[in-house]
Structures are given as C-alpha cells and as structure tokens.
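Each chain, written out:
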Amino acid sequence: LVAASHAVARSEATLDEEVATARWPSFMAGLDYMFMPMEETRHAYGLMVSMSLPWLNPQHDERLHADRLAVGLEKREAETVRQQVRYEVETALVRYEGARAAFQLIEGDLVTQARQSFEAAQAAYTAGMGDALALLDALRSVLFARIERERAIADLTIAEADLERAVGVAIPTQPLTNPTTNGATP
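1. What to know about the overall build of the protein
Within the protein, the secondary structure is distributed over three helices and two strands. Each helix and strand of the protein, ordered N terminal to C terminal, gives the series α-β-β-α-α. The globule rule puts the C-alpha radius of gyration for 186 residues at 16 Å, and the 38 Å found for the protein is more than 25% above it. Burial analysis of the protein (186 residues in total) assigns 24% to the buried set. The contacts in the protein between residues at least 6 apart in sequence include a share of 69% that link residues at least 24 apart. Put simply, the protein shows about 13,400 Å² of open surface, and 60% of that area lies on carbon and sulfur atoms.

2. Remarks on the pattern of salt bridges
A full pass over the atoms with the stated rule returns eight salt bridges. Residue Arg-82 pairs with Glu-79 through a salt bridge whose shortest N-O separation is 3.0 Å. Separated by three residues within a single helix, Arg-82 and Glu-79 lie in helix α2 (residues 58–126), roughly one turn from each other. Given a relative accessible area of 32%, Glu-79 falls into the partly exposed group. The partner of Arg-149 in a salt bridge is Glu-107, and the shortest N-O contact between them spans 2.3 Å. Taken together, the residues span a long stretch of sequence, with Arg-149 in helix α3 (residues 132–167) and Glu-107 in helix α2 at a distance of 42 residues. With respect to class, Arg-149 is no different from Glu-107; both count as buried. Within the structure, one salt-bridge network assembled from shared partners comprises Glu-107, Arg-149 and Glu-150.

3. Observations concerning the packing of helix α1 (residues 2–23) against α2
One way to put it is that α1 packs onto α2 with a least axis distance of 9 Å and a crossing angle of 165 degrees. Relative to α2, the element α1 is oriented roughly antiparallel. Crossing handedness for the pair α1 and α2: left-handed. Counted together, Ala-4, Ala-7, Val-8, Arg-10, Ser-11, Glu-12, Thr-14, Leu-15, Glu-18, Val-19, Thr-21 and Ala-22 of α1 and His-60, Arg-63, Leu-64, Asp-67, Arg-68, Ala-70, Val-71, Glu-74, Lys-75, Ala-78 and Val-81 of α2 form the full contact between these two elements. Each residue belonging to the contact of α1 with α2 can be placed in one class, and the counts come to 11 nonpolar, four polar and eight charged.

4. Some words on the confidence of the model for the protein
For the protein, mean pLDDT is 85; residues scoring 70 or higher make up 93% of the total. Here α1 stands out as the element of the protein with the lowest mean pLDDT, 84, in contrast to α3, whose mean of 93 is the highest. Here residues 179–186 scores under 50 on pLDDT; set against residues more than four positions off or in separate chains, the count is 12 contacts.

5. Digging into the nonpolar core
Judged by nonpolar contacts, the single largest core of 19 residues is most densely connected at Tyr-96, Phe-103, Phe-118 and Leu-156. At the level of elements, α2 and α3 are the ones that each hand at least two residues to this core. Element by element, the count of residues in this core is highest for α3, at 10 residues.

6. Considering the side chain of Glu-148
Tracing the sequence through the fold places Glu-148 in helix α3. A distance of 2.9 Å separates a polar atom in the side chain of Glu-148 from a polar atom in the side chain of Arg-151. Glu-148 has contacts with Ile-106 and Leu-110, leaving out every residue within four places of it along the chain.

7. Some thoughts on the packing of α2 against α3
For the pair α2 and α3, the least separation of the axes is 7 Å and the interaxial angle reads 165 degrees. Judged by the angle between their axes, α2 and α3 are roughly antiparallel. For the pair α2 and α3, the sense of crossing is left-handed.

Analysis parameters
- Residues numbered from 1 in each chain as written.
- Predicted model: local features only at pLDDT ≥ 70, side-chain atom pairs only at ≥ 80, totals over all residues.
- Heavy atoms only, no water.
- Helix = DSSP H or I, 4+ residues; strand = E, 2+ residues; numbered from the N terminus.
- Rg over C-alpha atoms; globule rule 2.2 N^0.38 Å.
- Buried < 20%, exposed > 50% of the residue type's maximum accessible area, 1.4 Å probe, protein only.
- Contact = heavy atoms within 4.5 Å.
- Areas by Shrake-Rupley, 256 points an atom, 1.4 Å probe, with all protein chains shown as cover.
- Salt bridge = Lys/Arg side-chain N within 4 Å of Asp/Glu carboxyl O.
- Axes fitted to C-alpha atoms, helices over the stretch in contact; angles between N-to-C directions.
- Parallel < 35°, antiparallel > 145°, perpendicular 65-115°, else oblique.
- Left-handed = near helix turned anticlockwise from the far one by under 90°.
- Nonpolar A, V, L, I, M, F, W, Y, C, P; charged D, E, K, R; others polar.
- pLDDT = per-residue confidence, 0-100.
- Core = buried A, V, L, I, M, F, W, Y, C linked by side-chain atoms within 4.5 Å.
- Polar contact = N/O pair within 3.5 Å; in protein donor to acceptor, adjacent residues only side chain to side chain.

Have a look at this one:
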C-alpha cells in the first residue's frame, strides 16, 4: 500500500512538473570569454540570453496527456492493491475465526466427552462391570480427540500467521487451553 501511494505521488509530481514546464517559459543567460593569442585583440567576450516559448511546442501537450494517463493508471493500480489487501485480510480473518471455532469445539466438546467416556469405562472396568475392549475403545477415542486437538492448534496457528501477514502486525491472541480442563490429559 505504501509503495502504491508513493507511485501515485511520483506520477502526480511528474504531472505537476510537466504542467509547469508547459505553462511557464524558461530563461537562460550566458556569458562567454574567449582568449585568442594569435589575434590583435586577445580577449573577447560574448553575452547570450534565450527564452523558451513552451505554448508553441506541441510536445508539451503530448507529454501532459501521457502524464495524466500515467497518474490515472497509478491511481487504478493503487486501488487494485487496496482491494487485494482487503481481500487477503478478510479471507485470513474468516480462516482464523473458523479455525478458532473448530478448536473451541474440539477442546470444549470432543476432548471433554472422550475423557468422560474413558473415565466411565475405566470405572466400569475397575468395578468388574465392563470389558477391556470397551476400555481400549474409550482410550482410543481420547487419543483421537487429542490428535484432533493438536491438528486444530496447528490449523489455528497457521491461520493466525496468515492473518498477521495480511494485516502486517502481530495479533494478540488468547491462550489455547480450556479453563475447565486446565490443559490436563488422561
């Protein structure tokens, strides 16, 4: 965005310079000194004064037209860059919010339910009312939930990095532990 705004400012400055060149005449004055050792008059002087008439030069109109087109092009390019950045930020924000919601769902429901199921199966097995297969299946569910939780953390971290890249600054985030479980695992 900064580069695009600088490009617009540069084009506008070029246009302003060309407008001034096309509108105002330029003057030049010169003084010459000549040394001629073979001549009777050894020292000679010359004076020169010139003035441009820019309003008679058709090239100025062509340059003005080209510079006006360049300014318009730079402004359109800057707007395109603004829209691209806005799209990237909005896309990254949606991905971040989706990853955050998925993590909260997995952390709050899936992991908690799998842990409760494991504890119930363990209590039943300890009491002699359950079998080892049910206990192993509940443990497998806990491990699956923990794997899904780690995947959700990875997805959330990637989405957060994408959002920070799109925005250009670090995003303050909340810790990823569930206050009801305190990050504990079975």
